[in-house]
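Below are the chains, spelled out letter by letter.
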Amino acid sequence: MPPRRTPRIQVTGRARAGKTTLCRALSLLTAEETGPLDRPGRPNPTLDADLLLYVLPGLADAADRRILATLPTDRTLVALNKADAIGVRWSDAATTAEALTADLGRPVFPVVAALAARTRAGTLDDADLTALRRHRDRPDPPLALSHDLFLTPGLAPDFEARRALLDRWDLFGVSCALTALRHDPGLPAQRLLQILHCASGIDRLHREIHRRYEAVAAGIRD
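Parameters and conventions
Residue numbering note: each chain is counted from 1, following its sequence as written. Thresholds applied to this predicted model are a pLDDT of at least 70 for local features of residues and 80 or more for the giving and counting of side-chain atom pairs; totals over whole chains, interfaces and linings are not thresholded and use all residues. Only hydrogens and water are set aside when side-chain values are computed; all heavy atoms of the structure are taken into account. For each structure, a 1 Å grid was placed over the protein atoms alone; sets of points admitting a 1.4 Å probe that cannot get out are labelled cavities, open sets with protein on both sides within 12 Å along at least five of seven lines are labelled pockets, and lining residues have an atom within 4 Å of a point. Grid points are joined across faces, edges and corners, and a volume is the space filled by probe spheres set on the points. Numbering of helices and strands runs from the N terminus; a helix is a DSSP stretch of H or I covering at least four residues, while a strand is a stretch of E covering at least two. Polar here means any residue outside two lists: the nonpolar Ala, Val, Leu, Ile, Met, Phe, Trp, Tyr, Cys and Pro, and the charged Asp, Glu, Lys and Arg; Gly therefore counts as polar. In this analysis, rings of Phe, Tyr and Trp, with Trp reduced to its six-membered ring, are considered paired at centre separations within 6.5 Å, and the interplanar angle assigns stacked below 30 degrees, edge-to-face beyond 60, and tilted for intermediate values. Type-normalised accessible area, obtained with a 1.4 Å probe on protein chains alone, sets the label of each residue: buried when under 20%, exposed when over 50%, and partly exposed for intermediate values. For this analysis, a nonpolar core means a set of buried residues of the types Ala, Val, Leu, Ile, Met, Phe, Trp, Tyr and Cys, connected via side-chain atoms within 4.5 Å. Residue contacts are defined here by distance: any two heavy atoms, one from each residue, within 4.5 Å place the two residues in contact. Two N or O atoms count as a polar contact when they lie within 3.5 Å, although within protein this holds only if one can serve as hydrogen donor and the other as acceptor, and sequence-adjacent residues are included solely when both atoms are side-chain atoms. Here the arc refers to the set of directions running from the helix axis out to each C-beta atom.

**Q** Quick question: what am I supposed to make of the layout of surface pockets here?
**A** A probe as big as a water molecule, rolled over the atoms, marks out the empty space that is left. In this structure, the largest pocket encloses a volume near 540 Å³. Considering the residues around the largest pocket, the lining is formed by 24 residues, among which Val88, Ala144, Phe172, Ser175 and Cys176 are closest to the centre. Examining the composition of the lining of the largest pocket, we find that nine residues originate from one element, helix 7 (residues 159-183), more than from any other. Residue composition of the lining of the largest pocket, grouped by class: 15 nonpolar, four polar and five charged. At four residues, helix 9 (residues 202-221) tops the list of elements feeding residues into the lining of the second largest pocket. Taken together, the residues of the lining of the second largest pocket sort by class into seven nonpolar, four polar and no charged.

And the structure:
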């Protein structure tokens, strides 16, 4: 008897949607990342896996909608990546995802894959915590509104520490960490890292992928 195959997962989407980063964030070590779907003059890759994860780099455009309309609804999940760039708060991204779920007829999950990948691979060290705590109570200007504000040269004599924070955690991660520390200044590093991981929105998508993978695997065994 030939060995049973394992379910195939394909991760697809347009160029610069964040497919590679999302694979790292989800630890999809055996997933097949396709080429971009919007290469002029080149055919789109064949999408025939047991489970398809379509990555949107923000809002869906006409090309995304055309491609998604051809994919099976029962085997396709959509990641609304870079959700931190949608609106001004997480609820804006969640509302957008709900509207897209109804519009596209398949589940859409808002995520910030870059932050999720960082929390999976990195740690908050003492230097990170010191820099964050130094600026947690600074009310004006709101530092986390832009990279330029956070890196204002004359703000404090810790420019390199602030730049290192942005390199490691990006603006969304820094903003979430500052908010958490304002609520609880004594948060230990590991707890703060867990908060940042939750803020990425990755866990809900990870659970759904795992559930569907197990269902496909059970069908193959039967």
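That was the structure; now back to the text.
**Q** I keep staring at the packing of aromatic side chains and nothing clicks. Help me out?
**A** By convention here, two paired aromatic rings are described through the distance between centres and the angle between planes. A complete count under the given rule lists one aromatic pair for this structure. Measuring from ring centre to ring centre gives 6.4 Å for tryptophan 90 and phenylalanine 172, while their planes differ by 25°; the resulting arrangement is stacked. In this pair, tryptophan 90 is assigned in helix 3 (residues 90-104) and phenylalanine 172 in helix 7, connecting sequence segments 82 residues apart. Under the relative-accessibility criterion, tryptophan 90 is labelled partly exposed at 31%.

**Q** Can you help me understand the nonpolar core in this one?
**A** Nonpolar side chains tend to gather and get buried jointly when the protein is soluble and globular. The biggest cluster of nonpolar side chains holds 43 residues, and the ones touching the most others in it are Tyr54, Leu132, Phe150, Trp169, Val174 and Leu192. Broken down by secondary-structure element, the contributors of at least two residues to this core are strand 3 (51-56), helix 2 (62-68), strand 4 (76-80), helix 3, helix 5 (126-135), helix 7 and helix 8 (189-199). Ranked by residue count, the leading element in this core is helix 7, at ten residues. Filtering out sequence-adjacent residues up to four positions away, leucine 192 remains in contact with Leu124, Leu129, Leu132, Ala177, Ala180, Leu181 and Leu187. Of all hydrophobic cores here, the second largest spans 22 residues; its members include Cys23, Val55, Leu77 and Ile202.

**Q** Would you explain the environment of arginine 118 in this entry?
**A** Here arginine 118 shows up in helix 4 (residues 113-121). The spatial distance from the C-alpha of arginine 118 to the C-alpha of leucine 178 is 17 Å, given a sequence separation of 60 residues. At 2.6 Å, the side chain of arginine 118 forms a polar contact with the backbone oxygen of arginine 168.

**Q** Looking at this structure, I do not really get helix 1 (residues 19-26). What am I missing?
**A** At 3.6 residues per turn, the α-helix brings residues three or four places apart onto the same side. Among all positions in helix 1, only Lys19, Leu22, Cys23, Ala25 and Leu26 are buried. Buried residues in helix 1, looked at end-on, bunch into an arc of 165°, giving them a common side. Positive phi appears at serine 27, one or two residues downstream of helix 1, with a value of about 55°.

**Q** Quick question: what am I supposed to make of the side chain of glutamine 10 here?
**A** Along the chain, glutamine 10 turns up in strand 1 (residues 9-13). Judged by relative accessible area, which is 4%, glutamine 10 ranks as buried. Ignoring any residue separated from it by four or fewer positions in sequence, one finds glutamine 10 in contact with Glu32, Thr34, Thr46, Leu47, Asp48, Ala49, Leu51, Leu52 and Leu53.

**Q** Help me understand the environment of aspartate 137, please; the structure alone is not making it clear to me.
**A** Take aspartate 137: it is sitting in the loop between helix 5 and helix 6 (147-150). Sequence-wise, aspartate 137 and threonine 179 are 42 residues apart; in three dimensions their C-alpha atoms are separated by 9.3 Å. Within the local environment of aspartate 137, its side chain forms a polar contact with the side chain of arginine 136, the two groups lying 3.5 Å apart.

**Q** Would you mind going over unusual backbone geometry with me for this structure?
**A** Trans is the prevailing form of peptide bonds, just as negative phi is the prevailing case for residues other than glycine. Unusually for a residue other than glycine, lysine 82 sits at a positive phi of about 55°. Tracing the backbone shows lysine 82 in the loop between strand 4 and helix 3. Assessed through its relative accessible area of 35%, lysine 82 is described here as partly exposed. For aspartate 170, which is not a glycine, the phi torsion comes out positive at approximately 60°. Along the polypeptide, aspartate 170 turns up in helix 7.

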